[in-house]
Amino acid sequence: MGAIMKLSKGILITQDGQKISYEHTSNNHDRIIVIAHGFYNSKDASLLQKLKNNLLDEYDVFMFDFRGHGKSGGLFSWTSNECKDLKAALGYIEGKYKKTGMIAFSLGASVAINVLAREKGVDSLICVSAASDPDKIDYNFWNLDLKGDLIYTLFTLDGLKGRGFRPGAFWRKKQKPIDNIGKIIIPVCYIHGEKDWVVKPWHSKKLFEKTQTKKKIVIIKNGSHAEYLMKDSEEEFVHEIKSWLASTMLPNIMLK
């Protein structure tokens, strides 16, 4: 694997002129997975890089930073303008691969639903801790895992890497994924932590109910929010991802 792997990095320009930083890891596959991070994360976050490494045996991987995050320019607009960032990412890989899958986290998953309700180019979608409506995120901080979440994020090298954001106007009008999910025509898998303290599991359950295509929902027992599932429930989390991708992107290959 190491002999043929190639890492490319660069900048994409969105239709409104924002600079979006990306990395494209090629391992000579004809299928690619796009990883769309969530709020306060970036493509350089340790847990998302770890997820990428779990996928490279079977897929190439494309990662990018939403505006206001990581090495991208601009300010985060709380899903109002981030659709343009994802469209730029999809435009970059368009026509290069036989199949494209997407794993999107938290508010990144909300953006993915809004984009894929109208855009083609993705064959399979996994939404992790998706918010059905950005205006109804729970933020139950009293349920935060002090040791697992706060200390990891603020006081460990792995937790600090690739984290942070630059906030923009939060009052701009936002699309609601719950209004768009019924327009999705590709298979969708929802993965949610049972004890998610930011986006409660009811968000994924509502989206699942309105999904009209092949679908699956997985609630990970005692699981936390979004990328933390990669830290606390890695084996189950990665298995569910690989199983879903195999069933929707690798015909005749199924994981037990």
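These figures come from a predicted structure and were not determined experimentally.

## Section: the sheet that holds strand β6 (residues 124-128)
An order of β1-β2-β4-β3-β5-β6-β7-β8 is seen for the eight strands of this open sheet, with the pairing classed as mixed. Because the sheet does not close on itself, it has two edges, and the strands there are β1 (6-13) and β8 (215-220). Here the average twist between neighbouring strands, direction ignored, is 15°. Seen against the sheet, helix α3 (residues 106-116) touches β5 (99-105) and β6 and runs at an angle of roughly 135° to β5. Of the strands in this sheet, β3 (31-36), β5, β6, β7 (188-193) and β8 are in contact with helix α9 (residues 234-249), which crosses β6 at around 160°.

## Remarks on the pattern of salt bridges
Scanning the model with the defined rule gives 11 salt bridges in all. Where Lys50 meets Glu234, a salt bridge forms, and the shortest distance between an N and an O atom there is 2.9 Å. Here Glu234 lies in helix α9 and Lys50 lies in helix α1 (residues 46-55), a separation of 184 residues in the sequence. By relative accessible area, Lys50 is classed as partly exposed at 38%.

## Focus: unusual backbone geometry
At Tyr40, a position not held by glycine, the phi torsion is positive, near 70°. By secondary structure assignment, the location of Tyr40 is in the loop between β3 and α1. Phi at Trp78 takes a positive value of approximately 60°, unusual for a residue other than glycine. Tracing the backbone shows Trp78 in the loop between β4 (60-64) and α2 (82-93).

## Some points on the nonpolar core
The nonpolar side chains of a soluble globular protein tend to be buried with one another. Among the nonpolar cores identified, the biggest contains 35 residues, and Phe62, Phe64, Leu86, Met102, Leu116 and Leu125 are the most heavily contacted of them. Where this core is concerned, the elements lending two or more residues are β2 (19-26), β3, β4, α2, β5, α3, β6 and β7. For Leu116, the residues in contact, after removing those within four places along its chain, are Leu90, Met102, Val122, Leu125, Ile184 and Ile186. Listed in part, the 29 residues of the second largest apolar core include Leu56, Ile191, Ala226 and Val238.

## A short note on the packing of α1 against α9
For the pair α1 and α9, interaxial distance at closest approach is 11 Å and the crossing angle is 50°. Of the possible angle classes, the one that applies to α1 and α9 is oblique. In the crossing of α1 with α9, the sense of the turn from one axis to the other is right-handed. Two secondary-structure elements touch here, α1 through Lys50, Leu51, Asn54 and Leu55 and α9 through Glu234, Val238, Ile241, Lys242 and Leu245. Among the residues forming the contact of α1 with α9, the class breakdown is five nonpolar, one polar and three charged.

## With respect to the side chain of Thr100
The residue Thr100 is located in strand β5 in this model. Excluding residues that lie within four positions of it along the chain, Thr100 makes contacts with Ile32, Val34, Ile93, Gly121, Val122, Asp123, Ser124 and Met249.

## Let's talk about α2
In this model, α2 (12 residues) spans 18 Å end to end at C-alpha, consistent with the 16 Å of a helix rising 1.5 Å per residue. Where α2 is buried, its residues contact β1, β2, β3, β4, β5 and α3. The first or second residue beyond α2 is Gly95, which carries a positive phi of 80°.

## Re the packing of α2 against α3
The N-to-C vectors of α2 and α3 enclose an angle of 70°; their axes lie 9 Å apart at closest approach. If you check the angle between α2 and α3, you find them roughly perpendicular. Pair α2 / α3 crosses with right-handed handedness. Residues Glu82, Cys83, Leu86, Lys87 and Leu90 of α2 form the contact with α3, whose participating residues are Val111, Ala112, Asn114, Val115 and Leu116.

Definitions and limits used
- Residues numbered from 1 in each chain as written.
- Predicted model: local features only at pLDDT ≥ 70, side-chain atom pairs only at ≥ 80, totals over all residues.
- Heavy atoms only, no water.
- Pairing = 2+ DSSP bridges.
- Helix = DSSP H or I, 4+ residues; strand = E, 2+ residues; numbered from the N terminus.
- Axes fitted to C-alpha atoms, helices over the stretch in contact; angles between N-to-C directions.
- Contact = heavy atoms within 4.5 Å.
- Salt bridge = Lys/Arg side-chain N within 4 Å of Asp/Glu carboxyl O.
- Buried < 20%, exposed > 50% of the residue type's maximum accessible area, 1.4 Å probe, protein only.
- Core = buried A, V, L, I, M, F, W, Y, C linked by side-chain atoms within 4.5 Å.
- Parallel < 35°, antiparallel > 145°, perpendicular 65-115°, else oblique.
- Left-handed = near helix turned anticlockwise from the far one by under 90°.
- Nonpolar A, V, L, I, M, F, W, Y, C, P; charged D, E, K, R; others polar.
- Expected span 1.5 Å × (residues − 1).

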